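Structural description and commentary
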Amino acid sequence: MEIFHNLYIGFVVAVHPVNVMYCFIGVILGTLIGVLPGIGPVATIAMLLPITFNLNPVAALIMLAGIYYGAQYGGSTTAILVNIPGESSSVVTCLDGYQMARQGRAGPALAIAALGSFFAGCVATLIIAVAAPPLAEVALKFGPAEYFSLMVFGLVAATVLAHGSLIKAIAMVLLGLLLGLVGTDVNSGVLRFTFGVPELSDGIGFVIVAMGMFGTAEIIANLELKDQREIFTSKVTHLYPTKQDLKDSWAAVLRGTALGSMLGILPGGGALLASFGAYTLEKKVSKHPERFGKGAIEGVAGPESANNAGAQTSFIPMLTLGIPSNAVMALMIGALMIQGIAPGPQVMNEKPELFWGLIASMWVGNLMLVVLNLPLIGMWVKLLTVPYRYLYPSILVFMAIGVFSLSNNAFDVLIMAVFGVLGYICVKLECEPAPMILGFILGPLMEENLRRAMLLSRGDPFVFVSPNKPISLAFLVASTILLVIVAMPAIRKKREEVFVEEG
Amino acid sequence: MKVKSPKDFWAGLMFMGFGLFFTVWAVIYYQMGTAVRMGPAYFPTVLGGMLAVLGLIVFFGSFAVEGPPVPEFSYRPLILISLGCVLYGYLMKPLGLVGATAALVYVSALGGHEFKWKEVTVLYLILVFFSWAVFVKGLTLPFPVWPEFMGY
């Protein structure tokens, strides 16, 4: 079986001591920022990207991936004990997890969250190993027209699945695409939108944009709120769930894993959508929906399994197509590019040790996370007592160092501050920054593929929908259908409910 | 005409502003080319136009559909956090890691709810030491540690 051979290659790479160490650093950092509210994986990965330049590509990706799925574990701890989502994907865990903690059952809630996540992580690792090779095979046949249509589909799906106004989300994508065009035009060598600033001729670094939009903007928004936390540290006495708990939650773990894996693959999906979806599903299938919100263990097990599964399967489009499905994946693509690796279907064949090593490391990382999260829970809880007024200047220092070190240039830090202000305005006006980041990274790629496709078709715009290009046609039809469905009033209401519900 | 949804009103204006800016700038300064051989202005013009149209829709929608008001801006953290970052960047060369970190930590700490000199100073010392140990010693990034005038 080829898959076992591939996984074997992967595990040989993943258990190499150096890689194990970076995996460990990744999951520790991930848990840390997952536990701490106010800093998410996007800002953290952006912060660490410049440093990964000095690492080898395998170690760099293993560490960055660890941060993302590690954050899913850490986020649940804060949600259950403090009723604050440490991570946006743990918002729904607050509902029942915190109630369980108030009833003195914080231990079982934490244990089920960790065990469910572990199970989901194992399954998702296998899914990636099985699903990625055939997808990459198909993607190798893509021409510029197919790539352009795929990106359109990805961006449309990302806006449809983002919460809030659809038109505003599309507008944010367009704004991102436009900002992505700043810099030297590769075809003509013309400097576009650089306004005579030499630092802009290479374009705006998307690490800088991500740190501004997700880092500084977040901090400014957090400083508006007052610190007020109520922690149930003393109540984490017995960790092990009862037989009844296990009986109640195993089905929810299975359902959460399945739904999370599916939603993770979708462009625009990932951990956040998966957890919301799973909570809604659990409430629907439960015989006693009235228990939800009052400490139902299924309400913890389902979403927590789903967010971890979704976090991992969202690597599939990134690894096989080179298309990011969410902001974290956009940063992973950035990490590949820093290493001089062009993301896309060829990565699997040209760098099997990178591809399979990353996948195998996820399993290793998940194993570490269970150990880190269950016996050491007390240590993470202590972290929560650190006041925000110590945290945010520290975060700012690391972001500023990270941005400054990109090219030893003060101008980059200025740009970060500018995007921080823009991000803050967007928060106030309810414009989601995530679609903008996706547009930003896809902007130059889309233009390049559009140009090539039009050149090949001698200017015939129907090349994207011609019957000889069924894949391109299918992507565009799917995009149109998605937009129409979401624009229909009945569905729109439902969509709002899913995101607003109990939020 | 009365603005019913202030958030959409301003968001619409913002999108229109960005869209028109990119379109107009591209049309004036760059070559349009043809659909076969697209010039540098082609893609931004189309995108900017679409953005402006969407902005217009959001803008007009704000007169029709009721929406929540724009929450108040807290200018204190907004200005002080941004200023701290900018100072860090521009003070790095003249004042070194020691000076730049001081500017960022003290200025951004002023943007918080409470400011205690002692606490912030301890935090500053820890962060400077950590930055130096990890980034200058560990990762050998070429940052000046001390201010220029001190002759290092």
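What you see is a predicted model; the values in this text were computed from it and never measured. (Residues numbered from 1 in each chain as written. Chains lettered and ligands numbered in written order. Predicted model: local features only at pLDDT ≥ 70, side-chain atom pairs only at ≥ 80, totals over all residues. Heavy atoms only, no water.)

The helix and strand tally for chain B stands at 4 helices and 0 strands. Its helices and strands in sequence order give chain B the pattern α-α-α-α, from N to C terminus. At 24 Å, chain B has a C-alpha radius of gyration far larger than the 15 Å of a compact globule built from 152 residues. Taken along its principal axes, the extent of the C-alpha atoms in chain B is 55 × 45 × 25 Å. The buried share of chain B, reckoned over its 152 residues, is 45%. Across chain B, contacts joining residues at least 24 apart in sequence account for 62% of those joining residues at least 6 apart. Total accessible area on chain B is roughly 8,200 Å²; 73% of this is exposed by carbon and sulfur atoms. Positive and negative side-chain charges of chain B, numbering 9 and 6 respectively, have mean locations separated by a distance of 7 Å. (Helix = DSSP H or I, 4+ residues; strand = E, 2+ residues; numbered from the N terminus. Rg over C-alpha atoms; globule rule 2.2 N^0.38 Å. Buried < 20%, exposed > 50% of the residue type's maximum accessible area, 1.4 Å probe, protein only. Contact = heavy atoms within 4.5 Å. Areas by Shrake-Rupley, 256 points an atom, 1.4 Å probe, with all protein chains shown as cover. Lys, Arg positive; Asp, Glu negative; His and termini not counted. Charge placed at Lys NZ, Arg CZ, Asp CG, Glu CD.)

Let us look at the confidence of the model for chain A. A residue-level look at chain A finds 92% of positions with pLDDT of 70 or above and a mean pLDDT of 83. Within chain A, the lowest mean pLDDT, 59, falls on helix α22 (residues 489–500) of chain A, and the highest, 92, falls on helix α19 (residues 410–428) of chain A. (pLDDT = per-residue confidence, 0-100.)

Within the structure shown, the criterion is met by 2 cavities of 30 Å³ or more. What the largest cavity holds in volume is close to 90 Å³. The wall of the largest cavity is formed by 13 residues, among which A:R389, B:A109, B:E114, B:E119 and B:V120 lie closest to the centre. Going through the elements one at a time, α18 (388–407) of chain A together with α4 (117–138) of chain B are the ones with two or more residues in the lining of the largest cavity. In the lining of the largest cavity, the residues fall into 7 nonpolar, 2 polar and 4 charged. (1 Å grid on protein atoms, 1.4 Å probe; cavity = no way out; pocket = protein on both sides within 12 Å on 5 of 7 lines; lining within 4 Å. Points joined across faces, edges and corners; volume = space filled by probe spheres on them. Nonpolar A, V, L, I, M, F, W, Y, C, P; charged D, E, K, R; others polar.)

Okay, the nonpolar core next. Soluble globular proteins: nonpolar side chains tend toward being buried together. Among the nonpolar cores identified, the biggest contains 204 residues, and A:M213, A:I219, A:F315, A:F419 and A:F464 are the most heavily contacted of them. Considering each element in turn, this core owes the most residues, 16 residues, to helix α4 (residues 57–82) of chain A. Taken domain by domain, this core gets at least three of its residues from each of domain 1 (6–61) and domain 2 (75–150) of chain B. (Core = buried A, V, L, I, M, F, W, Y, C linked by side-chain atoms within 4.5 Å. Domains from an automatic or database assignment.)

This part takes up the interface of chain A and chain B. Counting from both sides, the interface comprises 64 residues of chain A and, opposite them, 64 residues of chain B. Of the roughly 5,900 Å² buried between chain A and chain B on both sides combined, carbon and sulfur atoms contribute 79%. Linking chain A to chain B there are 3 salt bridges. Close ionic contact of B:E119 with A:R389 constitutes a salt bridge, the shortest N to O distance being 2.8 Å. Mapped by element, the contributors of at least two residues to the side of chain A that touches chain B are α8 (166–180), β2 (191–192), α9 (206–223), α18, α19 and α20 (433–456) of chain A. Its residues placed into classes, the side of chain A that touches chain B shows 45 nonpolar, 8 polar and 11 charged. (Buried area = accessible area lost by both parts, 1.4 Å probe. Salt bridge = Lys/Arg side-chain N within 4 Å of Asp/Glu carboxyl O.)

This part is about the side chain of A:S286. Residue and element names in this part refer to chain A. One can find S286 in the loop between α11 (271–285) and α12 (298–313). Residue S286 is classed as buried on the basis of its relative accessible area of 15%. A distance of 3.0 Å separates a polar side-chain atom of S286 from the backbone nitrogen of H288. Beyond its immediate sequence surroundings of up to four residues, S286 is in contact with R291, F292 and E298. (Polar contact = N/O pair within 3.5 Å; in protein donor to acceptor, adjacent residues only side chain to side chain.)

Turning our attention to a nonpolar patch on the surface. Taken together, A:V477, A:I481, A:V484, A:I485 and A:M488 make up a surface patch of nonpolar side chains, about 400 Å² in accessible area. With relative accessibility at 41%, the residue A:M488 sits in the partly exposed group. (Patch = residues over 30% accessible without salt bridge, like charges linked within 9 Å, V, L, I, M, F, W, Y side chains within 5 Å.)

What follows concerns the side chain of A:N366. Residues and elements named next belong to chain A. With respect to the helices, strands and loops of the structure, N366 is situated in helix α16 (residues 352–373). Note on N366: relative accessible area 0%, which makes it buried. Of the polar contacts made by the side chain of N366, one reaches the side chain of Y73; its length is 2.8 Å. Discounting chain neighbours no more than four positions away, the residues touching N366 are Y69, Y73, S117, F118, G121, N308 and Q312.

Our next topic: unusual backbone geometry. All names here are of chain A. Positioned with a positive phi, F195 is a non-glycine residue whose angle comes to about 50°. Looking at the element boundaries, F195 is found in the loop between β2 and α9. Of the residues examined, F195 reaches a relative accessible area of 44% and is grouped as partly exposed. Unusually for a residue other than glycine, N408 sits at a positive phi of about 50°. With respect to the secondary-structure elements, N408 resides in the loop between α18 and α19. Its relative accessible area of 25% is what places N408 among the partly exposed residues.

All names here are of chain A. Per the stated rule, a full pass over the model turns up 0 disulfides over all chains. In this model C23 remains outside any disulfide bridge; the closest cysteine sulfur is found in C122, 13 Å from its own. Residue C23 is classed as buried on the basis of its relative accessible area of 1%. With no disulfide of its own, C431 lies 5.2 Å from the sulfur of C426, the closest cysteine sulfur. With relative accessibility at 2%, the residue C431 sits in the buried group. (Disulfide = S-S within 2.5 Å.)

The next subject is the pattern of salt bridges. Residue and element names in this part refer to chain A. A complete count under the given rule lists 13 salt bridges over all chains for this structure. The shortest N-O distance in the salt bridge between R255 and E282 comes to 2.8 Å. Of the two residues, R255 sits in helix α10 (residues 243–265) while E282 sits in helix α11, which places them 27 residues apart along the sequence. Using a relative accessible area of 29% as the deciding quantity, one classes R255 as partly exposed. Members of the salt-bridge network, linked through shared partners, are D185, R192, E447 and R451.

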